[in-house]
Amino acid sequence: MCAMKTEVSKRILIVDDDVDLLMLLERRLKQEGYETETAISLAEAEELIVYFDPHLVLLDINIKGEDGRQLCWKLKHKPVYRIAKVLIISGFDFNYSRAALFGADGVLPKPLNMEFLLNRLVKLTSDNLTLNT
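Residues numbered from 1 in each chain as written. Predicted model: local features only at pLDDT ≥ 70, side-chain atom pairs only at ≥ 80, totals over all residues. Heavy atoms only, no water.

### Details of the nonpolar core
What counts is decided by this rule: Here, nonpolar core refers to any group of buried Ala, Val, Leu, Ile, Met, Phe, Trp, Tyr and Cys residues whose side-chain atoms link them within 4.5 Å. Partly exposed residues are those whose accessible area sits between 20% and 50% of the maximum for their type, while under 20% is buried and over 50% is exposed, using a 1.4 Å probe and protein chains only. Helix and strand labels come from DSSP, where a helix needs a run of H or I of at least four residues and a strand needs a run of E of at least two; each type is numbered from the N terminus. Two residues form a contact once any of their heavy atoms are found within 4.5 Å.
Counting residues in hydrophobic clusters, the biggest one holds 20 residues, and the most contacted among them are Leu 13, Val 15, Val 57, Leu 59, Leu 75, Val 86 and Ile 88. A per-element tally of this core places helix 2 (residues 42-52) first, with five residues. Leaving out residues up to four positions away in the same chain, Leu 59 has contacts with Val 15, Leu 42, Gly 68, Leu 71, Cys 72, Val 86, Leu 87, Ile 88 and Ile 89. The next biggest cluster of nonpolar side chains, apart from the first, holds 18 residues, and it includes Ile 12, Leu 56, Leu 87 and Leu 108.

In structure tokens, the structure reads:
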């Protein structure tokens, strides 16, 4: 495995309406030592955030016709949320500068390269590091 296992269990919320992808990501991230929760809608994600208090949200940009960028903006700009990092995943051509307008800490294209994703998660869940690519 290319990515290093986390020393302290970091919490990651995975938000996507593709159930197969959710299960794949959840299983792999747990193998890497992350604590995970999943949501298939933006409303479910908002509910989970309150009690799960994730270190990072892995957020699809298009979830059942809803725009994940709206949730990203809320997480990064409303004081009620304490989300440190949001990584947007998208099958659309979506670059970092566009994602940064909503407060995202990075963007990964779909289909996901698992090793690339794991390396980004290590960087994003480490203290004082942000993703600017």
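### Observations regarding the side chain of Asp 105
Where we set the bar: Under the rule applied, a polar contact is a pair of N or O atoms within 3.5 Å (in protein, one hydrogen donor and one hydrogen acceptor; residues adjacent in sequence only if both atoms are side-chain atoms).
Along the chain, Asp 105 falls in the loop between helix 4 (96-100) and strand 7 (106-109). Here Asp 105 falls in the buried class, since its relative accessible area comes to 9%. Side chain to side chain, Asp 105 and Lys 76 meet in a polar contact 2.9 Å long.

### Concerning helix 1 (residues 19-31)
Keep this limit in mind: Expected helix span is computed as 1.5 Å times (number of residues minus one). In this description, one arc is meant: the one made by directions from the helix axis to the C-beta atoms.
Its 13 residues place the ends of helix 1 18 Å apart at the C-alpha level, agreeing with the 18 Å of an ideal helix rising 1.5 Å per residue. Buried residues of helix 1: Leu 21, Leu 22, Leu 25, Arg 28 and Leu 29, and no others. All buried residues of helix 1 project into a common sector of 145° when viewed along the axis, lining one side. Counted as exposed and oriented over 90 degrees from the buried face of helix 1: Asp 20 and Arg 27. Residues of helix 1 that are buried sit in contact with strand 1 (11-15), strand 2 (35-39), strand 3 (56-60) and helix 5 (114-125). Structurally, the start of helix 1 carries an N-cap: the backbone nitrogen of Asp 20 is 3.1 Å from a side-chain oxygen of Asp 18. A positive phi of about 100° marks Gly 33, the residue just after helix 1.

### Observations regarding the sheet that holds strand 6 (residues 85-90)
Strand pairing in a sheet is mediated by backbone hydrogen bonds. Such pairs are either parallel or antiparallel. Quick reminder of the rule: Only strands joined by at least two bridges in the DSSP assignment are considered to pair. Simply put, an axis is a line fit to the C-alpha atoms, just over the touching stretch for a helix, and the angle between two N-to-C directions goes from 0 to 180 degrees.
Judged by pairing direction, the sheet is parallel, and its five strands sit side by side in the order 2-1-3-6-7 without closing on themselves. Edge positions in the sheet fall to strand 2 and strand 7, since each has one partner strand and no second. Taken pair by pair, the neighbouring strands of this sheet meet at an average axis angle of 20°, ignoring direction. In this structure, strand 1 lies alongside strand 2, joined through five bridges in parallel fashion. Bridge assignment links Arg 11 to a residue of strand 2, and that residue is Glu 35. Across the sheet, helix 3 (residues 68-77) is in contact with strand 3 and strand 6; its angle to strand 6 comes to roughly 170°.

### Quick notes on the pattern of salt bridges
Once the charged atoms of two side chains with opposite charge are near each other, the side chains can pair. What counts is decided by this rule: For salt bridges, the criterion is a side-chain nitrogen of Lys or Arg within 4 Å of an Asp or Glu carboxyl oxygen.
For the structure on display, the rule yields nine salt bridges. Note that Lys 74 and Glu 46 form a salt bridge whose closest N and O atoms lie 3.3 Å from each other. Taken as a pair, Lys 74 in helix 3 and Glu 46 in helix 2 lie far apart in primary sequence, 28 residues in all. Taking the shortest distance from any N to any O, the salt bridge between Lys 76 and Asp 105 comes out at 2.9 Å. Placement of Lys 76 in helix 3 and of Asp 105 in the loop between helix 4 and strand 7 is noted, with a sequence separation of 29 residues between them. Each of Asp 16, Asp 60 and Lys 110 takes part in salt bridges that share partners, so that together they form one network.

Treat this as a map of the structure, not an account of what it does.
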